[in-house]
Amino acid sequence: MTYDDEKKWCPKCRRYVKYLQSYNSSYCSVCGEKVLLFNDEDWAKFKKSLQKPDGSAPPGAMPKQPPSDSTTGAR
Ligand SMILES: [Zn+2]
């Protein structure tokens, strides 16, 4: 088993790095930048996985356009 969860995303190194745990933050062990739990891409995936479409469409099957047809449609 690997311990990938011991790594966090460093926006400066632009990769998952080992980090130093402070009392309420974590810092990159390479450059000292504050690290994040996920990178932007993984955050987007994470948020998407939380958002449940009101239908039962799986994530990825959602249309790209926002559901704004109610504002433009006359009915
Ligand atoms: Zn770094």
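Below or above, wherever it landed, is the structure these notes cover.

A few words now on the overall build of the chain. Per the secondary structure count, the chain includes two helices and three strands. For the chain, long-range pairs separated by at least 24 residues make up 17% of all intrachain contacts whose partners lie at least 6 apart in sequence.

By secondary structure assignment, the location of Asp 40 is in helix α1 (residues 40-50). For Asp 40, a count of 10 C-beta atoms within 10 Å gives the class exposed. Through-space distance from the C-alpha of Asp 40 to that of Trp 9 is 9.3 Å; in sequence the pair is 31 residues apart.

The subject of this paragraph is the pairing of strand β1 (residues 7-10). A regular strand carries its side chains on alternate faces of the sheet. Summarising the sheet, β1 and strand β2 (residues 15-21) pair through four bridges and their orientation is antiparallel. Looking across to β2, one finds that Lys 8 is bridged to Val 17. Hairpin connection from β1 to β2: four residues lie between these consecutive antiparallel strands, with Arg 14 at a positive phi of about 55°.

As a further point, take the sheet that holds strand β3 (residues 26-28). Spatial strand order, β1-β2-β3: three strands in an open sheet with antiparallel pairing. Edge positions in the open sheet fall to β1 and β3, since each of these has one partner strand only. Geometrically, the sheet is characterised by an average inter-axis angle of 60° between neighbouring strands, direction not taken into account. Alignment of β2 against β3, held across three bridges, turns out to be antiparallel. Directly across from Tyr 19, in β3, lies its bridge partner Cys 28.

Turning next to unusual backbone geometry. In the Ramachandran plot, Arg 14 falls in the positive-phi region, its phi being about 55° despite a non-glycine side chain. You can see Arg 14 is positioned in the loop between β1 and β2. On the basis of neighbour counts, which here come to 9 C-beta atoms within 10 Å, the residue Arg 14 falls in the exposed class.

Right, let's talk about the nonpolar core for a bit. If you look at the biggest cluster of nonpolar residues, it comprises six residues: Trp 9, Cys 10, Val 17, Tyr 19, Cys 28 and Val 35. Elements supplying a minimum of two residues to this core: β1 and β2. If near-sequence neighbours (up to four positions away) are discounted, Trp 9 is found in contact with Tyr 16, Val 35, Leu 36, Phe 38 and Asn 39.

About the criteria used
Residues numbered from 1 in each chain as written. Predicted model: local features only at pLDDT ≥ 70, side-chain atom pairs only at ≥ 80, totals over all residues. Helix = DSSP H or I, 4+ residues; strand = E, 2+ residues; numbered from the N terminus. Contact = placed C-beta atoms within 7 Å. Buried ≥ 20, exposed ≤ 12 C-beta atoms within 10 Å, placed from the backbone. Pairing = 2+ DSSP bridges. Axes fitted to C-alpha atoms, helices over the stretch in contact; angles between N-to-C directions. Core = buried A, V, L, I, M, F, W, Y, C linked by C-beta atoms within 7 Å.

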